Amino acid sequence: MVEDYVFALIVVVLLINTALSIYGIVRRRSLVKKLISLTILSDTVFVSIILVGFIFKYPAVPPVYSTGSPEEAAFLSQHAVDPLPQALVLTGIVIGFAVNALIAFAIIQLYRLVGTTDARKAVKVLAEEVAE
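Notes on the structure follow. These figures come from a predicted structure and were not determined experimentally.

1. So, a nonpolar patch on the surface
Okay, so step 1: A cluster of nonpolar residues, Val12, Ile16 and Leu20, forms a patch on the protein surface that exposes about 280 Å² of accessible area.
Okay, so step 2: Structurally, isoleucine 16 can be placed in helix α1 (residues 2–27).

Next up, the structure:
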């Protein structure tokens, strides 16, 4: 019973976090703030994926067979945590880190060329340079 409330609370917090990060991506002008919001959104998605594979039963055990008996298989089917979402999240973290580093590099280069991280001002300056 308590597990249902904990699960519902986690889902509500993840939805609020998702809404705030999407707001930061869409409404903020600073590219640095957009990058931070994008990072928060990706972390929220990772937590959501891990939550899909988690089992709210005590004890939650890793899915490791030791004897291979039918009793152990029945116990693991009820209490084992799914390792596939964890592996996907680990891969996603590595890819997300590389993408964030690339975006941060692009923001630094844009600041060196234009002198601002404001997206609208940067587009205006770059449009003027292209028009010339």
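2. Some points on the environment of alanine 8
Okay, so step 1: Within the secondary structure, alanine 8 is located in helix α1.
Okay, so step 2: For alanine 8, a relative accessible area of 37% puts it in the partly exposed group.
Okay, so step 3: Separated by 105 residues in the primary sequence, alanine 8 and leucine 113 place their C-alpha atoms 47 Å from one another.

3. Points about helix α4 (residues 83–114)
Okay, so step 1: Taking 1.5 Å as the rise per residue, α4 with 32 residues should run 46 Å; its terminal C-alpha atoms sit 46 Å apart, in good agreement.
Okay, so step 2: Pro85, Val89, Gly92, Asn100, Ile107, Leu110 and Val114 are the residues of α4 that are buried.
Okay, so step 3: Contacts from the buried residues of α4 go to α2 (31–53) and α5 (119–131).
Okay, so step 4: One side-chain oxygen at the N-terminal end of α4 lies 3.4 Å from the backbone nitrogen of leucine 84; it belongs to aspartate 82.
Okay, so step 5: A positive phi of about 95° marks glycine 115, the residue just after α4.

4. A look at α2
Okay, so step 1: With 23 residues, α2 extends 34 Å between its outermost C-alpha atoms, agreeing within 8% with the 33 Å of an ideal straight helix rising 1.5 Å per residue.
Okay, so step 2: Along α2, the positions that sit buried rather than exposed are Leu35, Ser37, Leu41, Thr44, Phe46, Leu51 and Gly53.

5. Quick look at the side chain of serine 21
Okay, so step 1: Along the chain, serine 21 falls in helix α1.
Okay, so step 2: Here the side chain of serine 21 touches threonine 18 through a polar contact of 2.9 Å, landing on its backbone oxygen.
Okay, so step 3: Setting aside residues up to four positions removed in sequence, serine 21 forms contacts with Ser37, Ile40 and Leu41.

6. Concerning the packing of α2 against α4
Packed helices, taken two at a time, are described by the angle between their axes plus the distance between the axes.
Okay, so step 1: With their axes 10 Å apart at the nearest point, α2 and α4 run at an angle of 175° to one another. Overall, the two elements α2 and α4 adopt an arrangement that is roughly antiparallel. For the pair formed by α2 and α4, the contact residues are Leu31, Val32, Leu35, Leu38, Thr39, Phe46, Ile49, Ile50 and Gly53 on the first element and Pro85, Val89, Gly92, Ile93, Asn100, Ile103, Ala104, Ile107 and Leu110 on the second.

7. What to know about the environment of glycine 68
Okay, so step 1: Mapping glycine 68 onto the fold places it in the loop between α2 and α3 (70–79).
Okay, so step 2: Assessed through its relative accessible area of 54%, glycine 68 is described here as exposed.
Okay, so step 3: With 31 residues separating them along the chain, glycine 68 and serine 37 place their C-alpha atoms 46 Å apart.

What counts as what
- Residues numbered from 1 in each chain as written.
- Predicted model: local features only at pLDDT ≥ 70, side-chain atom pairs only at ≥ 80, totals over all residues.
- Heavy atoms only, no water.
- Patch = residues over 30% accessible without salt bridge, like charges linked within 9 Å, V, L, I, M, F, W, Y side chains within 5 Å.
- Areas by Shrake-Rupley, 256 points an atom, 1.4 Å probe, with all protein chains shown as cover.
- Salt bridge = Lys/Arg side-chain N within 4 Å of Asp/Glu carboxyl O.
- Helix = DSSP H or I, 4+ residues; strand = E, 2+ residues; numbered from the N terminus.
- Buried < 20%, exposed > 50% of the residue type's maximum accessible area, 1.4 Å probe, protein only.
- Expected span 1.5 Å × (residues − 1).
- Contact = heavy atoms within 4.5 Å.
- Polar contact = N/O pair within 3.5 Å; in protein donor to acceptor, adjacent residues only side chain to side chain.
- Axes fitted to C-alpha atoms, helices over the stretch in contact; angles between N-to-C directions.
- Parallel < 35°, antiparallel > 145°, perpendicular 65-115°, else oblique.

Remember that the coordinates give geometry; whether it matters functionally is a separate question.
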